[in-house]
4 protein chains.
Amino acid sequence: MTDAVRRRVRDPQARRRDIVAAAAELIVEVGVDAVTHRMIAARAGVPLGATTQYFATLDELRGEALQSLAADVDARIDGIRTALAERGATPAVLAELLVQGLADARAVDADRAVVTAAVYDPELRSLARRGSERLADALAERYGRSRAVAAAVFIDGILWHACISDDPLTTELIESALAGILGAPTTTSD
Amino acid sequence: MTDAVRRRVRDPQARRRDIVAAAAELIVEVGVDAVTHRMIAARAGVPLGATTQYFATLDELRGEALQSLAADVDARIDGIRTALAERGATPAVLAELLVQGLADARAVDADRAVVTAAVYDPELRSLARRGSERLADALAERYGRSRAVAAAVFIDGILWHACISDDPLTTELIESALAGILGAPTTTSD
Amino acid sequence: MTDAVRRRVRDPQARRRDIVAAAAELIVEVGVDAVTHRMIAARAGVPLGATTQYFATLDELRGEALQSLAADVDARIDGIRTALAERGATPAVLAELLVQGLADARAVDADRAVVTAAVYDPELRSLARRGSERLADALAERYGRSRAVAAAVFIDGILWHACISDDPLTTELIESALAGILGAPTTTSD
Amino acid sequence: MTDAVRRRVRDPQARRRDIVAAAAELIVEVGVDAVTHRMIAARAGVPLGATTQYFATLDELRGEALQSLAADVDARIDGIRTALAERGATPAVLAELLVQGLADARAVDADRAVVTAAVYDPELRSLARRGSERLADALAERYGRSRAVAAAVFIDGILWHACISDDPLTTELIESALAGILGAPTTTSD
DNA sequence: TATGAATGAGTCTTCATTCAT
DNA sequence: GATGAATGAAGACTCATTCAT
């Protein structure tokens, strides 16, 4: 009769979301292959059974969490696209946006997790590819397809540098490189 | 029986190496978290006990396999450095070497596996970082530290593009981008 | 809403029967140990909760389903008894009735399920025994208790033969055997 | 350092046999569908892991246990065939042998378990069928195929009677019935 | 009353690790 | 030293049962 007995939440929608969110967090933290039902349940603050009630298999749950992470990545790319459209798709603007994004360690980790998982997951692969392509699209009009793709590749490189290296790339370095790749003038002189 | 025993006992070093090699292969193929003693023993063609005889824990064995993969990556970077030194560190030469390297799917996968694992493994992290740095070193003398680092970042991006995308980057695209990043002319050789 | 509620609430008796019927079907199809609340609810087209609303435990529900199957078996025996009374309890008539019954695979399966379950369930055991006895009763008056019991035993054997064998027993074989057991002529009708 | 630490048996053959034997016992006692790894391990006096070390799946273990039960049944049929060959395949001899067999409750249960399981298991089905056929074969030479098959069917009926009924069939009843079925004279007058 | 979300015990299975041989 | 049997702690998943709504 203590409050230990009170266990029901009765907000299935929220609970489902909590579980997916917990799974997404853990995927980012420990990797897709290392997450377990138990870890997810503990993180979400739900009993073990809840994780299997809402998702037929762990794979399904992982998939949904990954999709959620991918959606976040996509939203950030949208943000960059919008900002580029508003402020002009110059190396300077892009570099600033990228450095801003890089400051959000959580976002960087999420991005990395999605890309990493995409290697083995076809569905995620096309999502990850699409992200790069949409970034390239935003630059292609002004700089041509080829240079835009190269810039997107460089940006992917930035992501991994951020994950592996301790000292972050400077805005200047990024801007210069983008300018070189895109064949555009830099703010500061070379 | 002497013969059979000798075959079994002969060259513990070689056996050790076989086990590490098998583990490395499997890590590349199925991921660090999926490898097991049993898989490794089967792949290496050694009895299960051998995998625990030479390595105190699976983690230790995994670590050594990862180190071995990192050494391979390092060797490939050495190859690139040597070639750059011999043929001239131009975007054209570098692009050609990179495309050559990309053609070796096994090498690409190994590289990816190392980078992916490095995110969670401090020791590997510094190894992975060192690879990028040595590549940058090879370019810094001629193009300056900053441009060299940017080129190394772009090269990391190429790796991931190769893993995620279906159509590979052309030599021309890579060369142009490198030329832009390094501030070097595209078509002239050294 | 009144309508929807009424539809849901209408005739709890019928719903109860539906659940038992679904459980009985499933027991025949997949075996007593394999049935679950979920399977039964799905088969009966009722919500999961309904299966626990009407029956305290799954065992209770299973028990009732088994009783229902046993009642069906009993009804079929009644049919045979009636037919024997009307047409004469001769081997020929009995064989014909048996072959007819054997043609109904569902009935055969139900019979088998009841007998199989009866081995572990005392209550069912007496029901199963009673079935055999009532069949024997129908023959005892004319052929004596002992021969009648032997005939009933033979008839039980027929059931299992039908379950295990691929080629069914012919009416002739059954009639001959019954005639031999009952000490009655084969070809003459009553 | 107590003897609780001493756990190794190091007689894999025997351990395997023990596990199969335990599984067979339990199948007879609680039914094929109710046996679990845990029950088997407990019965065999081995740790849980041992049951999965020797058998890839529970199904495989169940299968082997069932085969072992079927082999026992086969051996008993062999015994009957031999005895019939030596003493003459008369109803009297057969009845005596059957009653003897029926006295071994364990054997009866094993037989029942095999037949029950055979309904769902094709491999076992043919084994069970073969058992009946070999019994029929032993009688066919003397009494003709048709009567021999009918006798085998009757004998199957006896098995189930023994499982369901409390008072066993008398030797006389069985002998009379067999004599009737086989068209052979009885020892005692009718 | 009727429903289905909630919980955790229990299932099969895998495997790191230990250690007898 | 080399081998593989032994063990039990997890892991994924299922489901009887409870009970909030």
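Residues numbered from 1 in each chain as written. Chains lettered and ligands numbered in written order. Predicted model: local features only at pLDDT ≥ 70, side-chain atom pairs only at ≥ 80, totals over all residues.

Draft legend 1. Structural view of the overall build of chain A. A count of helical and extended segments in chain A gives 9 helices and 0 strands. When the helices and strands of chain A are listed from N to C terminus, the series reads α-α-α-α-α-α-α-α-α. Taking the principal axes of its C-alpha atoms as reference, chain A extends roughly 75 × 30 × 30 Å. Taking all 190 residues of chain A together, 43% fall into the buried category. Taking all contacts inside chain A whose residues are at least 6 apart in sequence as the whole, residues at least 24 apart take part in 62%. (Helix = DSSP H or I, 4+ residues; strand = E, 2+ residues; numbered from the N terminus. Buried ≥ 20, exposed ≤ 12 C-beta atoms within 10 Å, placed from the backbone. Contact = placed C-beta atoms within 7 Å.)

Draft legend 2. Fine view of the interface of chain B and chain A. Counting residues at the interface gives 33 residues for chain B and 33 residues for chain A. No other element matches the 13 residues that helix α9 (residues 145-164) of chain B contributes to the side of chain B that touches chain A.

Draft legend 3. Spotlight on the confidence of the model for chain A. Considering every residue of chain A, the mean pLDDT works out to 92; 93% of them sit at 70 or more. Note that pLDDT drops below 50 for residues 1-6 of chain A; the model gives that stretch 0 contacts with residues more than four away or on any other chain. (pLDDT = per-residue confidence, 0-100.)

Draft legend 4. Local environment of the environment of D:T51. Residue and element names in this part refer to chain D. Topologically, T51 is positioned in helix α3 (residues 48-54). The sequence separation of T51 and D11 amounts to 40 residues, and the corresponding C-alpha distance is 14 Å. Residues within four places of T51 in sequence aside, it is in contact with I19, H37, I40, A41, V46 and L61.

Draft legend 5. Highlighting the relation of the copies chain C and chain D. Between the two copies, chain C and chain D, the superposition gives an RMSD of 0.5 Å; the rotation angle is 178° and the shift along the axis is 0.3 Å. The relationship between the two copies is best expressed as a two-fold rotation axis. Relative to the rotation axis, the closest C-alpha in chain C is found at C:G157, a distance of 1.7 Å. Taken as a fraction of all interface residues of chain C, those also at the interface in chain D reach 97%, which identifies the copy contact as same-surface. (Least-squares fit on C-alpha atoms with pLDDT ≥ 70 in both.)

Draft legend 6. Region of interest: the relation of the copies chain B and chain A. The transformation that overlays chain B on chain A combines an axial shift of 0.3 Å with a rotation of 178°, and the residual RMSD is 0.5 Å. Looking at the interface residues of chain B, 97% of them are also at the interface in chain A, so both copies use one shared face.

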